[in-house]
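As a plain string of letters, each chain reads:
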Amino acid sequence: MTAATPTLAQLDLSVEGMTCASCVRRVEKALSNVPGVHVANVNLATERAQVSYDPDAAAPEALLAAVGKAGYAAHAIAPHDDHADRQAEARDAEARRLERALAVAVALTLPVFLLEMVGHLVPAWHHWIDATLGQRNSWVLQFVLTTAVLAWPGRHFFTIGLAALWRRAPEMNSLVALGAGAAWGYSTVATFVPQWLPAGARAVYFEAAAVIVTLILLGRMLEARAKGRTGAAIRRLVALQPRSARVLRGGQPMDLPIADVRVGDRVLVRPGEQVPLDGEIIEGSSYVDESMLTGEPVPVEKQAGDNVAGGTLNTTGGFTLRVTHVGADTQLARIIRMVEDAQGARLPVQALVDRITGWFVPAVMAAALLTFVAWLVWGPPPALTHALVHAVAVLIIACPCAMGLATPTSIMVGTGRAAELGVLFRHGDALQALRDVDVVAFDKTGTLTQGRPALAALRLATGAAAATEDELLRWLASLQARSEHPIAQAIVAAAAERGLALLPAEDFRAVSGAGVQGRVAGHALSAGAARLMADHGVDVSGFGPQAADWARQGWTPIYVAIDGRAAAMAAVADPVKPSAAQAIAALHAQGIRTAMITGDHRDTAQAVARGLDIDDVRAEVLPDAKVRAVEALRSGGRKVAFVGDGINDAPALAAADVGVAIGTGTDVAIEAASVVLMTGDLRGVPTAIALSRATLANIRQNLFWAFAYNAALIPLAAGALYPAYGMVLSPMLAAGAMALSSVFVVGNALRLKTFAMAGRRRGDPRSAGPRSADPRG
């Protein structure tokens, strides 16, 4: 008998004190070793850990204790707390702390640098120092100032780094502590007990220890500032959440905190105010700016019966809404949660980083030891001095900060930018999977088309009783107004768009599956299929060629008879979305094939496909066969993305390599998808793919920089070029290069913030002109 699979719980933790990829590896290992934990995912850029665990075997307290034992501070993030706000404040505070520490370090390091390094560059300065201050006094002063640098602004490296060494889990701070500490210790011996060293090895490197700490503090400060910008998308979303609402209680309006508003409450929204919570308008009308959800800047008309989302902006009129969702159930809260989950995701490419960082720091320490021994044995005199300098340079140059930041910073910025463009990645791995998509398959109704019929054309017969097209449409709509059929509603809507006032209809009768009959303006009207006309002896053969042409276009003909004579033929169709053609063109420009999978009639599907230039059509496919159609498109190893909006699309969305749901569709479809387009704008599909490619390209650039940088500079720091070219890398230059690598990685990721949506011309966000997004970001 098979054991039941345990129900897993998820816990989000905020982890403090992580500085590099080794820290991430260590925290993940500590969490994974807790019994009952299934998956632990730690993100350096967001400073968060996501843990899936069996609540019957593990408790949150045990997870927090495991992180603490590994040497880091952690606390649980509640589902509804303001973690993003607190994290932003903490990052700002950390940046300010680093700025203060850097200012102190610069003030203390500058005299050390002037006393020692300038003397090597300018002999006259060196002689002047010796004549006025004396070498020993100069060294003692450097000792005092450097000790202050290490003990005050640089103490963080030692308290954390040495503790990690004690736990036999060295990380970046350990390398800095070893490097700066070795330079300081050697110089201290040379200053106070020089007899312990060979005569040729009595030199000081206080400036190296001080400058190393100062440069790394500079890099950390710049990195903290840059990282503060990576989470800007989340903070902007959080800032959209109103703090209060004007609620009607006992018939009287009162301002209440959002937390006190309940489902069913009636809320007043005045012009210029943000909509406080999700709800349905029950009175009034307005235009609402939904750009924070959709990326579309044009306000949308809202009337009684329409739904509005919390955080959107009411622009003109006032209205009253009935609250339908509060707290974590609101649309904005769900969006924030999706973005946070995607930003904390671990892409498959991260596995490479994990494998390397698992042994990287110990390997660097071994390389530094090997360097020290090699220079001590084979180096020129003073061998001990050269051995120390090069070992310290190896320790400093190899700090794996850039490796730990390479992937998560790009994911943070990329998914944040996607959210601003109305594309939500529900699952982070979809960001990588979309890059490799070869075929994008679309559902038709509600995805490529509006999902509701509309009047496409109206043709009058010669000698019709109605003198004009508008008059006939007015009569026809007056009759159809009594019907609830979608085709009837499309005709009534067309009359309303032309401003035609309806007339009373008498003797109304609906003929099942055929049409409607009745009297309008004293005339007997019949409207429906050819079968209804035949039953009443109405000859519609004169419309034959036009009806055939409309059928090829996928339009449904509706015949109209007045007083027993053919009077007109109307065409009703499900109109294609304006963004569909631009989306298909943008996908083709990206080298991606397109397909349509629909249950509609083949002629209708072919007509839509021809109009949109879709490559492959699978028509008359039953809902349970859509999965097989997706599998067929996979032939030859192709990767398939499926785009849909309905309940019947959910299996295909789940079966595809990447499921893309239309945000205006059903909740079932959205839950089955990996990517959600917040509106029906299909340009979001090529945008998501282009952004996926740009983000992965950005990650590759970051990883190349991080790995190639270390691979190239570790041998240089070790002195590999010294025998042939006399080139060496001083510890100070190593510290500067190491700091620069982290700042470069974060800065490169921030370039994704400028990514533009596919299919829009610069300067006109509503433009229909397709424009492929640059996959290089």
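Residues numbered from 1 in each chain as written. Predicted model: local features only at pLDDT ≥ 70, side-chain atom pairs only at ≥ 80, totals over all residues. Heavy atoms only, no water.

Draft legend 1. Seen up close, the sheet that holds strand S11 (residues 307-308). Spatially, the six strands line up as an open sheet ordered S6-S5-S7-S13-S8-S11, and their pairing is antiparallel. Edge positions in the sheet fall to strand S6 (252-257) and S11, since each has one partner strand and no second. (Pairing = 2+ DSSP bridges. Helix = DSSP H or I, 4+ residues; strand = E, 2+ residues; numbered from the N terminus.)

Draft legend 2. Representation of the side chain of threonine 695 in the model. Inspection of the secondary structure puts threonine 695 in helix H26 (residues 684-718). Residue classification places threonine 695 among the buried positions, given a relative accessible area of 0%. Polar side-chain contacts of threonine 695 include one of 2.8 Å to the backbone oxygen of leucine 691. Those residues in contact with threonine 695 that lie beyond four places of it in its chain are Ser410, Ile411, Gly414, Leu431 and Leu752. (Buried < 20%, exposed > 50% of the residue type's maximum accessible area, 1.4 Å probe, protein only. Polar contact = N/O pair within 3.5 Å; in protein donor to acceptor, adjacent residues only side chain to side chain. Contact = heavy atoms within 4.5 Å.)

Draft legend 3. The arrangement of the UniProt feature "transmembrane region" (unreviewed entry) in the chain in detail. Annotation from UniProt places "transmembrane region" (unreviewed entry) at residues 101-119, 139-163, 175-197, 203-222, 356-378, 384-407, 703-725 and 731-752. The straight-line gap between the two end C-alpha atoms of residues 139-163 is 30 Å; of that span, 88% is helix and 0% is strand. Its end C-alpha atoms 33 Å apart, residues 203-222 is made of 85% helix and 0% strand. (UniProt positions renumbered as here; feature names shortened; annotations may be inferred.)

Draft legend 4. Examining the environment of alanine 566 more closely. Position of alanine 566 among the secondary structure elements: in strand S21 (residues 565-573). Residue class for alanine 566 comes out partly exposed when judged on its relative accessible area of 21%. Along the backbone, alanine 566 and glycine 537 are 29 residues apart, and their C-alpha atoms lie at a distance of 9.9 Å. Residue contacts for alanine 566: discarding those within four places in its chain leaves Ala461, Val538, Asp539, Val540, Phe543, Val560 and Ala561.

Draft legend 5. Up close: the packing of helix H13 (residues 383-397) against H26. The geometry of H13 relative to H26 is characterised by a closest axis approach of 8 Å and an angle of 170° between their N-to-C directions. As summarised for this structure, H13 and H26 are arranged roughly antiparallel, according to the angle between their axes. Note that H13 runs across H26; the crossing there is right-handed. Contact residues: H13 offers His390, Ala393, Val394 and Ile397, while H26 offers Tyr709, Asn710, Leu713, Ile714, Ala717 and Ala718. When its residues are assigned to classes, the contact of H13 with H26 shows eight nonpolar, two polar and no charged. (Axes fitted to C-alpha atoms, helices over the stretch in contact; angles between N-to-C directions. Parallel < 35°, antiparallel > 145°, perpendicular 65-115°, else oblique. Left-handed = near helix turned anticlockwise from the far one by under 90°. Nonpolar A, V, L, I, M, F, W, Y, C, P; charged D, E, K, R; others polar.)

Draft legend 6. Focus on unusual backbone geometry. Residue proline 382 follows proline 381 across a cis peptide bond; omega there is -5°. Looking at the element boundaries, proline 382 is found in the loop between helix H12 (350-378) and H13. Backbone geometry at aspartate 563 places phi at a positive 55°, although glycine is not the residue there. Among the structural elements, aspartate 563 can be located in the loop between strand S20 (556-562) and S21. A positive phi is found at glutamate 620, a non-glycine position, where the angle reads about 55°. By the element assignment, glutamate 620 lies in the loop between strand S23 (616-618) and helix H23 (626-633).

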